[in-house]
Amino acid sequence: METGIRNFRKEGNRYVLKRQYGFTMIIVLGLTVMAWLGYHSDNKAMLWIFGILAALCLLSVFTERMVIDMDQKALFIKRGLIKPEVRIPFSDITNYQLSRLIYIFVPVNTSLNVEYICSDKMMFAIVAQGFSKRAMQSILNDIEEIISPYDDRKQV
């Protein structure tokens, strides 16, 4: 068994990315605080709007997933509540991209994206999000370690 793979759990011939709670929980906490402020200021609209947004954000954590299926040689990525699951064959992957949003010298969001070809068009899908570049690099290292023996792309 692979000992270096920390961010995935193995289920048969599939690797499932462990849930990333950090970024979403901070958003949910902020929305909950705003709903609480709406409750205590007798602003019912603020209570309902932020309360519903907090619930939807929390629900989205449990619907998101990223799976590496070694039988089908593909990534399966599901993000958000409404977007359908995306199937990305290993052979269609062209690149991984680390994107970082910094606001007033403070890193706000870091995301790991996969670039792939679908119907002769370049497409992107978010693999994972978090605060640190180190966490996203760790996930990318795990993905490459899992996929590399099965990757049939031409190496140049």
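Higher on the page you've got the structure.
Residues numbered from 1 in each chain as written. Predicted model: local features only at pLDDT ≥ 70, side-chain atom pairs only at ≥ 80, totals over all residues. Heavy atoms only, no water.

Caption draft 1: Fine view of the environment of G38. Here G38 shows up in helix α1 (residues 22–40). The exposure class assigned to G38 is buried, which follows from its relative accessible area of 0%. For G38, the residues in contact, after removing those within four places along its chain, are N43, K44, M46 and L47. (Helix = DSSP H or I, 4+ residues; strand = E, 2+ residues; numbered from the N terminus. Buried < 20%, exposed > 50% of the residue type's maximum accessible area, 1.4 Å probe, protein only. Contact = heavy atoms within 4.5 Å.)

Caption draft 2: Local environment of the pattern of salt bridges. If you walk through the whole model with that rule in mind, you get four salt bridges. Between R9 and E11 there is a salt bridge; the shortest N-O distance is 3.0 Å. Given a relative accessible area of 40%, R9 falls into the partly exposed group. By relative accessible area, which is 40% here, E11 ends up partly exposed. Of the charged contacts, one joins E85 and R65 as a salt bridge, the two residues approaching to 2.6 Å between their closest N and O atoms. Note that E85 is positioned in the loop between β4 (74–78) and β5 (86–89) and R65 in strand β3 (residues 65–69), a separation of 20 residues in sequence. According to the relative accessible area criterion, E85 is partly exposed, its value standing at 35%. (Salt bridge = Lys/Arg side-chain N within 4 Å of Asp/Glu carboxyl O.)

Caption draft 3: Region of interest: α1. With 19 residues, α1 extends 27 Å between its outermost C-alpha atoms, agreeing within 8% with the 27 Å of an ideal straight helix rising 1.5 Å per residue. Among the residues making up α1, those that are buried are F23, T24, V28, L31, A35 and G38. Down the axis of α1, the buried side of the element spans an arc of 125 degrees, and every buried residue falls inside it. Packed against the buried residues of α1 are α2 (44–63), β7 (106–118) and β8 (121–130). Phi for D42, located one or two positions after α1, is positive at around 55 degrees. (Expected span 1.5 Å × (residues − 1). Arc of directions from axis to C-beta.)

Caption draft 4: Region of interest: the packing of α1 against α2. α2 packs onto α1 with a crossing angle of 160 degrees between their chain directions and a minimal axis gap of 7 Å. Classified by the angle their axes make, α1 and α2 are roughly antiparallel. In the packing of α1 onto α2, the handedness of the crossing is left-handed. Residues T24, M25, I27, V28, L31, T32, M34, A35, L37, G38 and Y39 of α1 touch α2, and the partners they reach there are K44, M46, L47, F50, G51, L53, A54, C57, L58 and V61. Residues belonging to the contact of α1 with α2 are distributed by class as follows: 16 nonpolar, four polar and one charged. (Axes fitted to C-alpha atoms, helices over the stretch in contact; angles between N-to-C directions. Parallel < 35°, antiparallel > 145°, perpendicular 65-115°, else oblique. Left-handed = near helix turned anticlockwise from the far one by under 90°. Nonpolar A, V, L, I, M, F, W, Y, C, P; charged D, E, K, R; others polar.)

Caption draft 5: Quick look at the side chain of S138. Of note, S138 is situated in helix α3 (residues 133–147). A polar contact is formed between the side chain of S138 and the side chain of N7, at a distance of 2.9 Å. (Polar contact = N/O pair within 3.5 Å; in protein donor to acceptor, adjacent residues only side chain to side chain.)

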